[in-house]
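This is what each chain is made of:
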Amino acid sequence: MLGTDLKLRQKTSSSDHLDGFSLLGVRLSYFDTFIDEWCGGREKLDGWTTTEVCEKVVTPRTKKSVCDHLVEENSSAVGRATWFISHAWKYEFLDVVDAVKHHFESSTPDVIVWFDLFSNSQHDTAQKPFTWYTGTFTNAISELGSVLMILHPWNNPETLGRAWCVFELYTCTNTKSNFAIALPPRHTPAFRTSLRDDPEEFYNMLATINSAKSVAFKDSDRDAIHKAIRKTVGFSALDRMVLSVLFNWMVSTLQSHIFLTENAGDEVEPARWLSSLARLFMDQGRYEEAEPLFVGCLERSRRVLGEDDPATLSSISNLAVLYKKQGKYKKAEPLYVDCLERRTRVLGEDHPETLLSINNLAALYDEQGKYEKAEPMHVHCLERRRRVLGEDHPGTLASINNLAVLYDEWRKYEKAEPMHVDCLERRRRVLGEEHPDTFSSINNLAASYDDQGKYDMAEPLLVHCLERRRGLLGEDHPDTLASINNLAVLYDKQRKNEKAEPLYVDCLERRKRVLGEDHPDTQASRDNLAFFRRGIEEMKGMLKSSEVEDRNIFLTQFQTKSEFDESGRTDISKRARDFGRGSCEVEV
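Thresholds, definitions, all that
Residues numbered from 1 in each chain as written. Predicted model: local features only at pLDDT ≥ 70, side-chain atom pairs only at ≥ 80, totals over all residues. Heavy atoms only, no water. Axes fitted to C-alpha atoms, helices over the stretch in contact; angles between N-to-C directions. Helix = DSSP H or I, 4+ residues; strand = E, 2+ residues; numbered from the N terminus. Parallel < 35°, antiparallel > 145°, perpendicular 65-115°, else oblique. Left-handed = near helix turned anticlockwise from the far one by under 90°. Contact = heavy atoms within 4.5 Å. Nonpolar A, V, L, I, M, F, W, Y, C, P; charged D, E, K, R; others polar. Phe/Tyr/Trp six-rings, centres within 6.5 Å; stacked < 30°, edge-to-face > 60°. Buried < 20%, exposed > 50% of the residue type's maximum accessible area, 1.4 Å probe, protein only. Expected span 1.5 Å × (residues − 1). Salt bridge = Lys/Arg side-chain N within 4 Å of Asp/Glu carboxyl O. Core = buried A, V, L, I, M, F, W, Y, C linked by side-chain atoms within 4.5 Å. Pairing = 2+ DSSP bridges.

1. Some thoughts on the packing of helix α20 (residues 436–451) against helix α21 (residues 455–473)
Thought 1: For the pair α20 and α21, interaxial distance at closest approach is 8 Å and the crossing angle is 150 degrees. Taken as axis vectors, α20 and α21 run roughly antiparallel relative to one another. Crossing angle aside, the handedness with which α20 passes α21 is left-handed. The residues of α21 that touch α20, namely those facing Phe 439, Ser 440, Ile 442, Asn 443, Leu 445, Ala 446, Tyr 449 and Asp 450, are Tyr 455, Met 457, Ala 458, Leu 461, Leu 462, His 464, Cys 465, Arg 468, Arg 469 and Leu 472.
Thought 2: Residues belonging to the contact of α20 with α21 are distributed by class as follows: twelve nonpolar, three polar and three charged.

Here it is, written out as structure tokens:
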């Protein structure tokens, strides 16, 4: 016998199979039966992966799939599945089981899940042609209707790096099936704490998403999956799908915690979750959704904690960051000044949060072209951060970047360029190639090359940055729009008008829709396009006369404003070549 659940069930029907793919699964309650009666209890499985359970338990005791054996026994534990479980076989088996059960703990009646260890025969492992997966498997996922992916560890999930799991997610998205994410319960507290107190880890996790780098046990599987993705949706679009799913999951998780803490009568915790949710919206460029959350968080903190509480000061700073990103500098500056004065008095001059406020106010002055005010603050902040935080701390790297940006704007390239190179090398090593801050450094080094006329060095950096931002953030994200603008400016300077103009037009239209007609970035795009077109017309007229002998001299009169985004978790802003922007840091 395979288990004690021997209630009679109907015989399996043809609708339980689809061209060789079994749609049968097991009820959640059967996992406990399997663990107790097949494996001898949970203690015996401690540390075992799903692969080990297959090799040591399932394969020796079966001749076909576990589900087929249950059908022969007329067990009610087996039936037509409604959820497909996506997981990595390297995961500990008990983690997977606990994650699935916890996700469905309130479901009634008992959910039936398709779990490959039970639903597939572990003896019939002959490789099927990949066309079977792109056809039959895709149809089967559509029939099941829902996919649950086990995310573990949450900050560097194995599933997002496995080609088969990526293909399952692709199939789910392609068939418009339901998609959900589950964490092992023993890892949930650490996830919640990090989500509330250090969202940087979430962004580090997002930075690991790159479907083009997913791997499989067999190279032939990986190659076939990658080929299918390239021929259909493409890696960039698939990465955006993954990011969208994860973003929606994070929003739902945060909203749930806000609701739970408010219902519990807690006055402090809801503000912390509100701040995290507002931060998430702001980082996605969804400023209108973020603003009321930041305002509400500040009002609650002032009322409950008082004006000088560190949490209240963080709320002041966060709202100022949002106003700065919206181009509302008159609203941002008094908040930054107030926050810096209070932090200096309450926390001391060398406290990391005080240094953060120095950086933020310097960034705002930089944004407004007040370089004489900004430079000593950036230098002061960098020196103290090196001493207090260390050379490789993200905050220190942000300050290196910010000072380099300032030197670029002052045309002090001999100072700026080596700082950009140093910052990029450190960010690649510390944060990784795909981290948003690394993209910012790539962009800003390209800006320095651009300003010096080193176009051949700038172009590949800008193209790479734009491609990855499109893939990870989407076409309409403010960072992506800045990259579109930057590449247009480069092509403009190289007189590649046929490449520059469509980028200028696209960037302006998207900025008007996403940021609004009056946003400084929208106005910069409007000016860029107008200058570009006016320059072409005037150049045509002047080149017909003898007044202009050297076209290069003429073109220097019509330089557009090149905005290089300096965006990320620790430094969020854009750098304009003519109206300089430094970098700000968002706090939660």
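Back to the write-up after that little detour.
2. Topic: the packing of aromatic side chains
Thought 1: Evaluated as defined, the whole model comprises 17 aromatic pairs.
Thought 2: Seen from their ring centres, Tyr 30 and Phe 118 are 5.8 Å apart, and the 80 degrees between their planes marks the pair as edge-to-face. Here Tyr 30 is found in helix α1 (residues 28–38), whereas its partner Phe 118 is found in helix α5 (residues 116–119), with 88 residues between them in sequence. The burial state of Tyr 30 is the same as that of Phe 118; both residues are buried.
Thought 3: For the ring pair Phe 84 and Trp 114, a centre distance of 4.8 Å and an interplane angle of 15 degrees mean the geometry is stacked. You can see Phe 84 sitting in strand β5 (residues 83–86) and its partner Trp 114 sitting in strand β6 (residues 112–114), a full 30 residues away along the chain. No difference in accessibility class separates Phe 84 from Trp 114, as the two residues are buried.
Thought 4: Of the aromatic side chains, those joined through ring pairs into one cluster are Tyr 30, Phe 31, Phe 34, Trp 38, Phe 93, Phe 115 and Phe 118.

3. So, α20
Thought 1: For α20, which comprises 16 residues, the first-to-last C-alpha distance of 23 Å matches the rise-based estimate of 22 Å (1.5 Å per residue) to within 8%.
Thought 2: Most of α20 is tucked away, with 16 of its 16 residues classed as buried.
Thought 3: Positive backbone phi, approximately 80 degrees, marks Gly 453, located one or two places after α20.

4. Details of the pattern of salt bridges
Thought 1: Under the definition given, this model contains 44 salt bridges.
Thought 2: A salt bridge links Glu 262 to Arg 300, with the shortest nitrogen-to-oxygen separation between them at 3.0 Å. Taken as a pair, Glu 262 in helix α11 (residues 235–263) and Arg 300 in helix α13 (residues 287–305) lie far apart in primary sequence, 38 residues in all.
Thought 3: Judged by its relative accessible area of 38%, Glu 262 is partly exposed.
Thought 4: Salt-bridge contacts for Lys 324 lead to Glu 367; the nearest nitrogen and oxygen are separated by 3.0 Å. Taken together, the residues Lys 324 in helix α14 (residues 310–325) and Glu 367 in helix α16 (residues 352–367) connect sequence positions 43 residues apart.
Thought 5: Taking the relative accessible area as the measure of exposure, Glu 367 reaches 6% and is therefore buried.

5. Let's talk about the nonpolar core
Thought 1: One finds Leu 160, Leu 246 and Trp 249 to be the most contacted residues of the largest nonpolar core, which totals 98 residues.
Thought 2: With nine residues, the top contributor of residues to this core is α11.
Thought 3: Leaving out residues up to four positions away in the same chain, Leu 160 has contacts with Met 149, Leu 151, Val 166, Met 205, Ile 209, Val 242 and Leu 246.
Thought 4: Counting residues in each nonpolar core, the second largest holds 40 residues, with Tyr 30, Leu 70, Trp 83 and Ala 182 among its members.

6. What to know about the pairing of strand β3 (residues 24–27)
Regular strands place side chains that alternate from one sheet face to the opposite one.
Thought 1: Direction of pairing for β3 relative to strand β4 (residues 78–80): antiparallel, over a ladder of three bridges. In the sheet register, Leu 24 faces β4, and the bridge partner there is Arg 80.
Thought 2: Inspection of the sheet shows β3 paired to β6 by two bridges, in the antiparallel sense. Considered in β6, the bridge of Val 26 is made with Val 113.

7. Considerations on the environment of Glu 425
Thought 1: For Glu 425, the location among the structural elements is in helix α19 (residues 413–430).
Thought 2: In this structure Glu 425 comes out as exposed when scored by relative accessible area, which is 52%.
Thought 3: Separated by 17 residues in sequence, Glu 425 and Ile 442 have C-alpha atoms that sit 9.7 Å apart.

8. Some points on unusual backbone geometry
Thought 1: Across the junction of His 152 and Pro 153, the peptide omega takes the value -15 degrees, indicating a cis bond.
Thought 2: Looking at the secondary structure, you find Pro 153 in the loop between β7 (146–150) and α7 (163–174).
Thought 3: In this model, Arg 411 sits at a positive phi of 65 degrees, which is unusual for a non-glycine residue.
Thought 4: Counting through the fold element by element, Arg 411 comes out in the loop between α18 (394–409) and α19.
Thought 5: Phi is positive for Arg 495, which is not a glycine, with a value near 65 degrees.
Thought 6: Along the chain, Arg 495 falls in the loop between α22 (478–493) and α23 (497–514).
Thought 7: Accessibility expressed as a relative area gives 35% for Arg 495, which makes it partly exposed.

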